[in-house]
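# A look at the structure
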Amino acid sequence: MLRRLPSLGRSQKLSLCGQVALGMQHLAEELQLVHRDLAARNLVVFCNGSTDSVAPLVGSGLSFEVKISSPGLSRDIYANEYYTPSQVAGMATASGGNVLCLPVRWMAPECLAAVSEPNVPALAASAAVGSCYTSRSDVWAFAVVVCEIFSLADHLPLARLSDPEILQAGRATAAAVMTGATSNVALKSTSASVMSQQPLCPDVPNELPGCLANLLHRCWAPVPQHRPTFGEITALLSDLMTDMGV
């Protein structure tokens with residue numbers, strides 16, 4: 001849906017981010033649920049209650065509402081945004097013979113590390129991926145979604161890396177966390193080799209306000225416990241929107 005919007009003002013984009021954060025806070029704190037596939041493809045944007053009239057009305061000063069949809073509803077449409085590790089021995093299918101599709105470009109390092117080892121049986125691989133998801137991994141994905149909102153999803157996150165390179169980078173980052181080696185690693189995204197154990201940070205759009213960019217880097221902290229909660233994110237975004245008059 002974001003790709004259908006030809007233009008949005010900064011305040012409108014920030015409002016969409018705040019709404020997504022509120023929705024995720026409700027899932028995490030009230031319902032005790034983990035989304036596991038938060039991405040722009042799983043957002044539905046409404047304008048005056050109609051998804052069909054969004055694009056023509058952009059720029060008219062109207063407000064927008066965003067709803068978070070169930071993971072998997074858009075999986076067939078956006079198949080190119082998922083990675084199917086068929087070349088990894090034993091991981092081509094999960095239980096029931098369903099293909100194991102991974103949204104690797106939105107996944108936190110601890111989740112990527114669970115699928116980066118070869119020769120893992122399918123059922124074990126599926127269980128390993130599922131067990132690593134938490135609200136903190138949703139926070140990582142939320143920061144990626146903010147980048148998608150500000151860029152109107154005009155390109156895939158981490159476009160500079162292939163899917164296997166992303167898996168390798170996630171494994172390296174998770175290993176650095178385990179060994180306590182992340183304290184000396186810069187949080188800023190770089191173009192260095194994925195083997196350098198740099199944290200797996202997507203590129204931040206240039207038009208992001210500086211304080212929002214800082215929040216995203218906190219959301220991409222290699223150590224899950226160092227990431228803010230959705231409650232904290234909502235409060236910070238609320239303050240930012242107030243300062244900007246949104």
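Residues numbered from 1 in each chain as written. Predicted model: local features only at pLDDT ≥ 70, side-chain atom pairs only at ≥ 80, totals over all residues. Heavy atoms only, no water.

### As for the overall build of the chain
Here is the rule: Here a strand is any run of E in DSSP of at least two residues, a helix any run of H or I of at least four, and the numbering for each starts at the N terminus. Buried, partly exposed and exposed residues are distinguished by accessible area as a fraction of the type maximum, computed with a 1.4 Å probe on protein chains only: under 20%, between the cut-offs, and over 50%, respectively. Residue contacts are defined here by distance: any two heavy atoms, one from each residue, within 4.5 Å place the two residues in contact.
Of the regular secondary structure elements, the chain holds eight helices and two strands. Reading the chain from its N end, one meets helices and strands in the order α-β-α-β-α-α-α-α-α-α. Within the span of the chain, comprising 246 residues, buried residues form 47% of the whole. For the chain, restricting intrachain contacts to residue pairs at least 6 apart in sequence, the fraction spanning at least 24 positions comes to 72%.

### Comments concerning helix H8 (residues 230-243)
Selection criterion: A helix's residues, less one, multiplied by 1.5 Å, set its expected span. Relevant arc is that of directions from the helix axis to the C-beta atoms, nothing else.
If you check H8, its first and last C-alpha atoms are 20 Å apart, about what 14 residues at 1.5 Å a residue would give, namely 20 Å. Of the positions making up H8, those classed as buried are Phe 230, Ile 233, Thr 234, Leu 237, Leu 240 and Met 241. Within H8, the buried residues cover an arc of 130° as seen down the axis, which keeps them to one side. Exposed side of H8, more than 90 degrees from the buried face: Thr 242 and Asp 243 are the residues found there.

### Regarding the nonpolar core
Counted only if it meets this: Throughout, nonpolar core names a set of buried Ala, Val, Leu, Ile, Met, Phe, Trp, Tyr and Cys residues whose side chains join them through atoms within 4.5 Å.
Membership of the largest hydrophobic core comes to 57 residues, with the highest contact counts inside it found for Phe 142, Leu 212, Ile 233 and Leu 237. The biggest single contributor to this core is helix H5 (residues 135-151), with 11 residues. Aside from chain neighbours lying at most four places away, what touches Ile 233 is Ala 21, Val 139, Phe 142, Leu 215, Cys 219 and Pro 228.

### Some points on helix H6 (residues 163-178)
For H6, spanning 16 residues, the distance from its first C-alpha to its last is 23 Å, which sits close to the expected 22 Å at 1.5 Å a residue. For H6, the set of buried residues is Asp 163, Ile 166, Leu 167, Ala 169, Gly 170, Ala 172, Thr 173, Ala 174 and Ala 176.

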